[in-house]
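One-letter residues, chain by chain:
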Amino acid sequence: MSLTETTTPTVRDGQATGNPGAGIDYGLFLDCVHCGLCTASCPTYAELGDENDSPRGRIYLMRAVTDGRLELTDDVRGHLELCLDCRACETACPSGVQYGKLIEPFRIAMEKTGDGAANSDDWFHKWILFGLFPYPARMRAMLWPARIAQMTGAYALTKAMLRFMPWLAPPRLRQLITMLPWLGMPQKGLPDFLPAKGTRRAKVALFTGCVGDAVFRPTNWATARVLQENGCDVVIPKSQQCCGAIHFHAGSDEPAREMADANVAAFDIDDVDAVIVNVAGCGAMLKDYGHHWQDDKQSGREQLAHKVKDVTEFLDELGLVRPPGEIHVTATYHDACHLGHAQKIKDPPRNLLAQIPGLELIDLPETDLCCGAAGTYNLTQPEMSGRLSQRKMENIKRTGARVCITSNAGCLLQILREANSQGYPLRVVHPMDLLDLSYREEELKL
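From a predicted model like this one, the values you see are computed outputs, not experimental measurements. (Residues numbered from 1 in each chain as written. Predicted model: local features only at pLDDT ≥ 70, side-chain atom pairs only at ≥ 80, totals over all residues. Heavy atoms only, no water.)

A. Main features of the packing of helix α3 (residues 55–67) against helix α4 (residues 74–81). For the pair α3 and α4, interaxial distance at closest approach is 10 Å and the crossing angle is 135°. Between α3 and α4, the angle is such that the two are oblique. In the packing of α3 onto α4, the handedness of the crossing is left-handed. Every residue of α4 that contacts α3 at Arg 58, Leu 61, Met 62 and Val 65 is listed here: Val 76, His 79 and Leu 80. A class-by-class count of the residues in the contact of α3 with α4 yields five nonpolar, one polar and one charged. (Axes fitted to C-alpha atoms, helices over the stretch in contact; angles between N-to-C directions. Helix = DSSP H or I, 4+ residues; strand = E, 2+ residues; numbered from the N terminus. Parallel < 35°, antiparallel > 145°, perpendicular 65-115°, else oblique. Left-handed = near helix turned anticlockwise from the far one by under 90°. Contact = heavy atoms within 4.5 Å. Nonpolar A, V, L, I, M, F, W, Y, C, P; charged D, E, K, R; others polar.)

Take a look at the structure:
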């Protein structure tokens, strides 16, 4: 199909029955002038070289379906589903195209359009992505067998067996098993409140997340301690829930809306200076609460969204209390897509890391290109995800660094999995992990 066709729309208002573009502001499509400057930033186009898998190509496809000029075939769906929603194209676009406001509602509507079952109706979505991941208590319970397997050596044996006999488990389950990091013994949960150290400078609430809290609870503790060191009272609401991104990006928006409303009720935003997030994907979702759903509760979601700050963004604005401990390692920083592109936060994490004595930070080639994690993309699109993680790993190797720093749980898991699969000795850490070590004057163990 041609991607340069400019036929006059036949369904200008997108009101055709079953039209996934019906609820989208048509002007958002028109913002794209098809200049192509986005293509070099798009991971799938960089890998495949197919215009249908570029941002302008996907915008053309969505607009053509909305106009009634193109059927929503399986091929069209495939090109749109292959998008990582990394939003690198938004960073590259000189016209300010809001690609996320196009692809996200369009894909949600696609799940509700057509005669067949939605992609999210399979066992993996129902029991794993929707039934397990968004619930940290369930995740922690389910991780106990994995902890025991890691400690007894059964986990390493299982991975070896799956490598040579992949038919023993479904592909997505194999992917999950190989992604699991070393868990160790579980750490206790954060209390309701942690007081500031020294002069009190702010009061913040900490968003702990779902998978992030179940798998990376030590990073949540590190984040809280760093905030304390910087004069922040830290409140941790116990009734908070998953941000809703897992459901939302899989096209299941109603459960995501319920989680959003639960979070609005959980956080007393008038009592805090900011709601702090340390997972880029969660932060991007929370900051978008105000425009995802148009109903009588929108105002409350907007108020919460306006208080949300990534922890690096907040500390950089507050002014970091310089940490004293030296950490003598050579590291590189990978820009998580939903921090660098979706939230436009590039310099703050680098500014904070530059204040750690002894840390040498080397620029990462193609740092803006997605590592292939993209929330749950590495589980739903494993082939493309694998290509991108290998590409990311090759760029990390070029730096010679033995430590990779990134601000997103999904990126941490993805890069660590690729390093392990290649037998490459690499520590993958969050910026708060390093800052916490520096404040406690401890070295990073490699």
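Next, the rest of the story.
B. Inspection of the packing of helix α9 (residues 154–164) against helix α10 (residues 171–179) at higher detail. Running from N to C, α9 and α10 point in directions that differ by 140°, and their axes come no closer than 10 Å. It follows from the interaxial angle that α9 and α10 lie oblique. Taken as a pair, α9 and α10 cross one another with a handedness that is left-handed. For the pair formed by α9 and α10, the contact residues are Tyr 155, Lys 159 and Leu 162 on the first element and Arg 174, Ile 177 and Thr 178 on the second.

C. Focus on the environment of Gly 57. When you line up the elements, Gly 57 lands in helix α3. The class of Gly 57 is buried, set by a relative accessible area of 0%. (Buried < 20%, exposed > 50% of the residue type's maximum accessible area, 1.4 Å probe, protein only.)

D. Expanded view of unusual backbone geometry. Not every positive phi belongs to a glycine, and His 34 is a case in point at roughly 60°. Assessed through its relative accessible area of 29%, His 34 is described here as partly exposed. At Glu 441, a residue that is not glycine, the phi angle is positive and equals roughly 55°. As for its position among the elements, Glu 441 is in the segment after α24 (431–439). Residue class for Glu 441 comes out exposed when judged on its relative accessible area of 58%.

E. Quick peek at the packing of aromatic side chains. Here the structure, examined in full by the defined rule, presents four aromatic pairs. Taken together, the ring pairs connect Phe 248, Tyr 289 and Trp 293 into an aromatic cluster. Sitting over the face of the ring of Tyr 135, Arg 138 holds its NZ or CZ atom 3.9 Å from the ring centroid. Above the plane of the ring of Trp 144 lies Arg 147, whose end atom (NZ or CZ) is 5.9 Å from the centre. (Phe/Tyr/Trp six-rings, centres within 6.5 Å; stacked < 30°, edge-to-face > 60°. Lys NZ or Arg CZ within 6 Å of the ring centre and 35° of its normal.)

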